[in-house]
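A structural walkthrough
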Amino acid sequence: TKRFYNTANIKKSDYLFGAYQVAKFWDRKAPIWICESEIDALTCWSRGQYAVAIGGSHISNRQLAILKYLGVKVLVNGLDKDEAGKQGWETINLFSTGMLLYDTIFPVDKKDINDLTKDEFYRIKFLT
C-alpha cells in the first residue's frame with residue numbers, strides 16, 4: 001500500500017507541491033495538471049506535462065492563491081477518479097474563476113494517474 005510521510009508541524013494546505021518547478025520551468029502556453037499526490041504530479045512531469053499536487057482531494061484557498069500568483073490560466077483534472085476526487089474537482093470548478101478547466105476521462109477503469117501506463121496516460125480524454 002501507499003504511505004505518505006509529511007513534515008511534522010506543517011499544514012499541507014499551505015503548500016503546493018511542484019509550484020517552484022512550475023515557476024522555474026513552465027511554458028506558459030501549456031496547461032497545468034492538478035493532482036492529489038506528489039507521485040501523481042511526478043508521473044505527469046515524467047510524461048512531459050507540468051503538474052502540481054495539493055496533498056489531498058480538496059484545494060485550499062492558499063493553494064488556489066499560489067496558482068493564481070503563478071499566472072495559471074488552464075488547469076487539467078488529474079485528481080483521483082473516486083468520490084473524493086470528483087468532489088474536489090467540483091470545488092476547483094467553483095473557485096477557479098478566470099481559469100479554463102479541463103475535466104478528464106481515463107481510458108481504463110483506474111482511479112490514479114500513476115496507475116496508468118504511459119500509453120493509457122496519453123489516451124486520457126479531455127472535456128471542457
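Placed above this text is the structure.
Cut-offs used in this document
- Residues numbered from 1 in each chain as written.
- Predicted model: local features only at pLDDT ≥ 70, side-chain atom pairs only at ≥ 80, totals over all residues.
- Heavy atoms only, no water.
- Helix = DSSP H or I, 4+ residues; strand = E, 2+ residues; numbered from the N terminus.
- Rg over C-alpha atoms; globule rule 2.2 N^0.38 Å.
- Buried < 20%, exposed > 50% of the residue type's maximum accessible area, 1.4 Å probe, protein only.
- Contact = heavy atoms within 4.5 Å.
- Areas by Shrake-Rupley, 256 points an atom, 1.4 Å probe, with all protein chains shown as cover.
- Lys, Arg positive; Asp, Glu negative; His and termini not counted.
- Charge placed at Lys NZ, Arg CZ, Asp CG, Glu CD.
- Pairing = 2+ DSSP bridges.
- Axes fitted to C-alpha atoms, helices over the stretch in contact; angles between N-to-C directions.
- Core = buried A, V, L, I, M, F, W, Y, C linked by side-chain atoms within 4.5 Å.
- Polar contact = N/O pair within 3.5 Å; in protein donor to acceptor, adjacent residues only side chain to side chain.
- Expected span 1.5 Å × (residues − 1).
- Arc of directions from axis to C-beta.

What about the overall build of the chain?
Within the chain, the secondary structure is distributed over 5 helices and 5 strands. What you see in the chain, going N to C, is helices and strands ordered as α-β-α-β-α-β-α-β-α-β. Relative to the globule expectation of 14 Å for 128 residues, the C-alpha radius of gyration of the chain, 14 Å, shows essentially globular dimensions. Seen through its C-alpha atoms, the chain measures out along the principal axes to roughly 35 × 35 × 30 Å. Out of the 128 residues belonging to the chain, those deemed buried represent 41%. Sequence separation of 24 or more characterises 63% of the internal contacts of the chain that already satisfy a separation of 6 or more. As displayed, the chain offers around 7,600 Å² of accessible surface, 53% of which is attributable to carbon and sulfur atoms. For the chain, the separation between the mean place of its 18 positive charges and that of its 15 negative charges on side chains is 6 Å.

Some words on the sheet that holds strand β3 (residues 74-78)
Reading across the sheet, the 5 strands line up as β2-β1-β3-β4-β5 and stay open at both edges, with mixed pairing between neighbours. Single-partner strands in this sheet number two, and they are β2 (50-53) and β5 (125-127). In this sheet, neighbouring strand axes are inclined to one another by 30 degrees on average, regardless of whether the strands run parallel or antiparallel. Bridging between strand β1 (residues 32-35) and β3 involves 4 bridges; their strand directions are parallel. Residue pairing in the sheet places Ile34 in a bridge with Asn77 of β3.

Observations regarding the nonpolar core
Of all hydrophobic cores here, the largest spans 22 residues; its most connected members are Ile32, Ile34, Leu67, Val72, Leu75 and Ile92. Those elements that place two or more of their residues in this core are α1 (19-25), β1, β2, α3 (61-70) and α4 (83-95). With 4 residues, α3 is the single largest residue contributor to this core. Setting aside chain neighbours within four positions, we find Leu67 in contact with Leu16, Ile34, Val52, Ile59, Val72, Leu75 and Met99. Counting residues in hydrophobic clusters, the runner-up holds 12 residues, among them Cys44, Ala53, Phe121 and Ile124.

With respect to the side chain of Asp40
Along the polypeptide, Asp40 turns up in helix α2 (residues 38-46). Reaching out from Asp40, the side chain makes a polar contact with the backbone nitrogen of Asn114 at a distance of 3.3 Å. Discounting chain neighbours no more than four positions away, the residues touching Asp40 are Cys35, Asp80, Asp112, Ile113 and Asn114.

Re α4
For α4, which comprises 13 residues, the first-to-last C-alpha distance of 19 Å matches the rise-based estimate of 18 Å (1.5 Å per residue) to within 8%. Taken residue by residue, α4 has Gly85, Gly88, Trp89 and Ile92 as its buried positions. Across the axial projection of α4, the buried residues extend over an arc of 100 degrees, all falling on one side. What points out from α4, more than 90 degrees from its buried face, is the exposed set Glu90 and Leu94. As for α4, its buried residues are in contact with β1, β3 and β4 (100-105).

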